[in-house]
Amino acid sequence: MISVMTTSENAVEAGAGLDYDTLTMMLETVRDYVRDAIPDERLLQLDHEDECPVDLVRGMCGDQLGIQLLFIPEEYGGMGGSTIDVYRICEQMAYLDVGIATSVLATFLGSDPIFVGATPEQKSRWLTEIAERGVLYAYGATEPDAGSDLAALKTTATPVLSDGTVTGYRISGRKQWISNGGIADKYTILASAPGGPSWFVLDRGAEGFTQNRPEDKHGIRLSNTAALFLDDVFVPAGDLVGGVEGQGLLQAQKVFGYTRVMVAAFGLGAGWSALDRAIPYSATRIQGGAPLSEKQGYTHKLIVPHVVRLEAARAFIEPVATRIDAGEGVDGALNTEGAIAKYLATEAGNQAADAAIQAHGGYGYTREYLVEKIRRDVRITTIYEGTSEIMEMTIARDRWQRHLKTAGRYYLDSAAGLRALDARHPDVGAGAAAVACEALASVLEACRAGRLTRNQHVLLRLGELIAAAEGAGCFAGRAAAALDDELPEKADHRFDGTALAAMSRVFARDAALRVACDGPRWVIGAGGTFPGGLWLDAACAAQEGLIADMDRVADVLYGRAGAGILPRI
Ligand SMILES: Cc1cc2nc3c(=O)[nH]c(=O)nc-3n(C[C@H](O)[C@H](O)[C@H](O)COP(=O)(O)OP(=O)(O)OC[C@H]3O[C@@H](n4cnc5c(N)ncnc54)[C@H](O)[C@@H]3O)c2cc1C
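Residues numbered from 1 in each chain as written. Predicted model: local features only at pLDDT ≥ 70, side-chain atom pairs only at ≥ 80, totals over all residues. Heavy atoms only, no water.

**Q** Teacher, can you tell me more about the site of the ligand here?
**A** Around the ligand lies a shell of 20 residues, among which Y139, T142, S148, T387 and E389 are the nearest. Within the side chain of S148, an N or O atom sits 2.6 Å from an oxygen atom of the ligand. Here a nitrogen atom of the ligand sits 2.9 Å away from a polar atom, N or O, in the side chain of S179. Summarising the interface, the protein chains cover 67% of the accessible area of the ligand, which totals 970 Å² for the free molecule. At the level of elements, β5 (165–179) and α13 (388–405) are the ones that each hand at least two residues to the shell around the ligand. Its residues assigned to classes, the shell around the ligand comprises 10 nonpolar, 7 polar and 3 charged. (Near = heavy atom within 4 Å. Polar contact = N/O pair within 3.5 Å; in protein donor to acceptor, adjacent residues only side chain to side chain. Areas by Shrake-Rupley, 256 points an atom, 1.4 Å probe, with all protein chains shown as cover. Helix = DSSP H or I, 4+ residues; strand = E, 2+ residues; numbered from the N terminus. Nonpolar A, V, L, I, M, F, W, Y, C, P; charged D, E, K, R; others polar.)

This is the structure we're talking about:
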């Protein structure tokens, strides 16, 4: 028994999650446990045979690794890990295998409605058994006809009355694409009761409840995904989460900020897993008389931009996690930030894994080098827990409202903050990030004047540009914090401040140019007018020094700069 979770008596400080040493030990233990149990050859075999390593998942979520304790508050026998702790562990798990990470996280997702909505007695009953017995959960929301639009759900919960009192419900319907669907012990099921959508907790063996065979999936083939069939399944009234009907969608909404940060961490982990294979490969692969790592046309297309995008996503994830831990995320208050984190990280992870195949040439196209598997695995992260398009919509709608409510000041104020940062730290890309925000403010204003967000495509493209501009602002802030030695202890410290500053400059230039080019493109394309080329000029001017900065990032990644990068835990 490894029991990393119980080795430190002082592992948990009130509200702060794990202490630094315990988190570090946990990251190492998760890595060693999974690598020992499933070395690369076995990973490939399980992927090929489409098999979920159930014993490994149960070992991780039970008495061997006890990872479930991280998710459970101390009062129910867990360790009360903070959002930062959970993000770091999720990244580590996804670095090893997104399918296994999905299986582990499914219990956490499945118990989310309980965290936010259950009565004290229910929490004590259900959360304690996860902590003590490693009970596996599945989260049953999606249906064949209700995916992005959960309100369209058709599964029903019909009250069973005895002497005029509701003693239970009979649930009928079908759930689709449920992670752990075929292997879970318990299921949280969203069903439409007379009072509205509501969560119920079901046992695997309930009469009338069957699970389909696993889906034959494109990726995460180590994760069990199955449809669920509910045919008049009886659930006692005490197993309606919270005891009140109609709270289901609200309860699901309340935790999106948090859960989307976790899936963002999956994108980060998988993207880095692919790049951490491509980088050493390119250092030893000789073509044209020299290693590929010395070919600028290779590194600056296939490696550097992807490292930059992943680290920009991290720069967004960490402050969101910190804000959630500070109590700001109550009742879904940080759902948009979670959406930006997920959008940036999962899109970056996908692109990184795709580039890693290209970086390996023909070898990347075969199974042996694993980047092909990572590419298939990470693909799911832009689909589940809200697709990228739904993220774009969430981001755009919220920030559009802020633009309107502040009479156009929202991104101008952000830009002013970045200009102040630029004055203190002219080397972190804050100036270019400010250009991105200023251009964005103009684009939003042009959309308002022309009433252009009536075009859904314009609205969603705004979501993309907003994520880029906000990502650039956060990255500049992270680089400055690293230079000032002010990054939180539990943040990722793989790159030093100088390396992060170079990456941030590359990202901010890209964001500025994208907003300044694509913004007018959609405005004018939708029939609006855009005030001149002011921001385009500024964004073009900001490109000065781009190639030199990409050279710097490449030097860091290939150890040519002498310092800047640490080995990964
Ligand atoms: C491997 C896997 C594991 C999963 N695990 C779980 C789980 O454990 N529990 C669970 O409940 N669900 C799970 N899901 C379901 C997942 O969350 C949904 O697949 C996802 O939310 C998308 O829903 P959908 O598949 O019905 O696609 P749809 O909603 O039909 O979307 C199809 C496409 O249309 C786009 N689209 C949808 N609505 C709009 C709109 N209004 N405007 C513009 N574009 C739109 C989407 O972005 C997408 O590109 C899983 C799915 C997979 C594949």
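**Q** Could you clarify how one ought to interpret the environment of S414 in this entry?
**A** Here S414 is to be found in helix α14 (residues 410–424). Distance from S414 to G332, taken between C-alpha atoms, is 22 Å for residues 82 residues apart in sequence.

**Q** For this particular structure, what's the right way to read the environment of A348?
**A** Its location among the elements puts A348 in helix α11 (residues 335–359). With relative accessibility at 1%, the residue A348 sits in the buried group. Along the chain, A348 and A270 lie 78 residues apart, while their C-alpha atoms are 9.8 Å from each other. Discounting chain neighbours no more than four positions away, the residues touching A348 are R309 and L310. (Buried < 20%, exposed > 50% of the residue type's maximum accessible area, 1.4 Å probe, protein only. Contact = heavy atoms within 4.5 Å.)

**Q** Help me understand the packing of aromatic side chains, please; the structure alone is not making it clear to me.
**A** By convention here, two paired aromatic rings are described through the distance between centres and the angle between planes. This structure, assessed with the given rule, holds 12 aromatic pairs. With centroids separated by 4.3 Å and ring planes inclined at 25°, the aromatic side chains of F71 and F108 adopt a geometry described as stacked. On the criterion of sequence distance, the pair formed by F71 in helix α4 (residues 68–71) and F108 in helix α6 (residues 98–117) is long-range, its members being 37 residues apart. Where W272 meets F495, the ring centres are 5.9 Å apart and the plane angle is 35°; that geometry is what we call tilted. Linking W272 in helix α9 (residues 256–284) with F495 in the loop between α16 (456–483) and α17 (497–525), this pair joins segments that are 223 residues apart in sequence. Here W272 matches F495 in class, with each residue buried. Positioned above the aromatic ring of F256 is the side chain of R260, whose terminal nitrogen or guanidinium carbon lies 3.9 Å from the ring centre. Directly above the aromatic system of W272 lies the positively charged group of R494, at a separation of 4.4 Å from the ring centroid. (Phe/Tyr/Trp six-rings, centres within 6.5 Å; stacked < 30°, edge-to-face > 60°. Lys NZ or Arg CZ within 6 Å of the ring centre and 35° of its normal.)

**Q** For this particular structure, what's the right way to read the packing of helix α5 (residues 83–96) against α9?
**A** Each pair of packed helices can be described by the angle between their axes along with the distance between the axes. Contact geometry of α5 with α9 gives a least axis separation of 7 Å together with a crossing angle of 40°. The orientation of α5 with respect to α9, classified from their angle, is oblique. In the packing of α5 onto α9, the handedness of the crossing is right-handed. Contact with α5, carried on its side by T83, V86, Y87, C90, E91, A94 and Y95, involves Y258, V261, M262, A265, F266, L268, G269, A270, W272, S273 and D276 of α9 and no other residues of that element. (Axes fitted to C-alpha atoms, helices over the stretch in contact; angles between N-to-C directions. Parallel < 35°, antiparallel > 145°, perpendicular 65-115°, else oblique. Left-handed = near helix turned anticlockwise from the far one by under 90°.)

**Q** Please clarify how α5 should be interpreted in this entry.
**A** Over its 14 residues, α5 extends 20 Å from the first C-alpha to the last, a length consistent with the 20 Å expected when each residue adds 1.5 Å. Most of α5 sits out of view: 14 of its 14 residues are buried. (Expected span 1.5 Å × (residues − 1).)

**Q** What's the story with the side chain of H403 in this structure? I'm lost.
**A** Among the structural elements, H403 can be located in helix α13. Residue classification places H403 among the buried residues on the basis of a relative accessible area of 1%. If sequence neighbours within four positions are ignored, H403 has contacts with G408, Y410, A441, L444 and E445.

**Q** What is the right way to look at the pairing of strand β4 (residues 156–162) in this model?
**A** Walk down a regular strand and you will see the side chains alternate between the two sheet faces. By the bridge criterion, 7 bridges tie β4 to β5 in an arrangement that is antiparallel. Bridge assignment links V160 to a residue of β5, and that residue is G168. The antiparallel pairing of β4 with β5 creates a hairpin that spans 2 residues between the two strands, and D163 there sits at a positive phi of about 55°. (Pairing = 2+ DSSP bridges.)

Everything listed is a geometric property; what it means functionally is a separate question.
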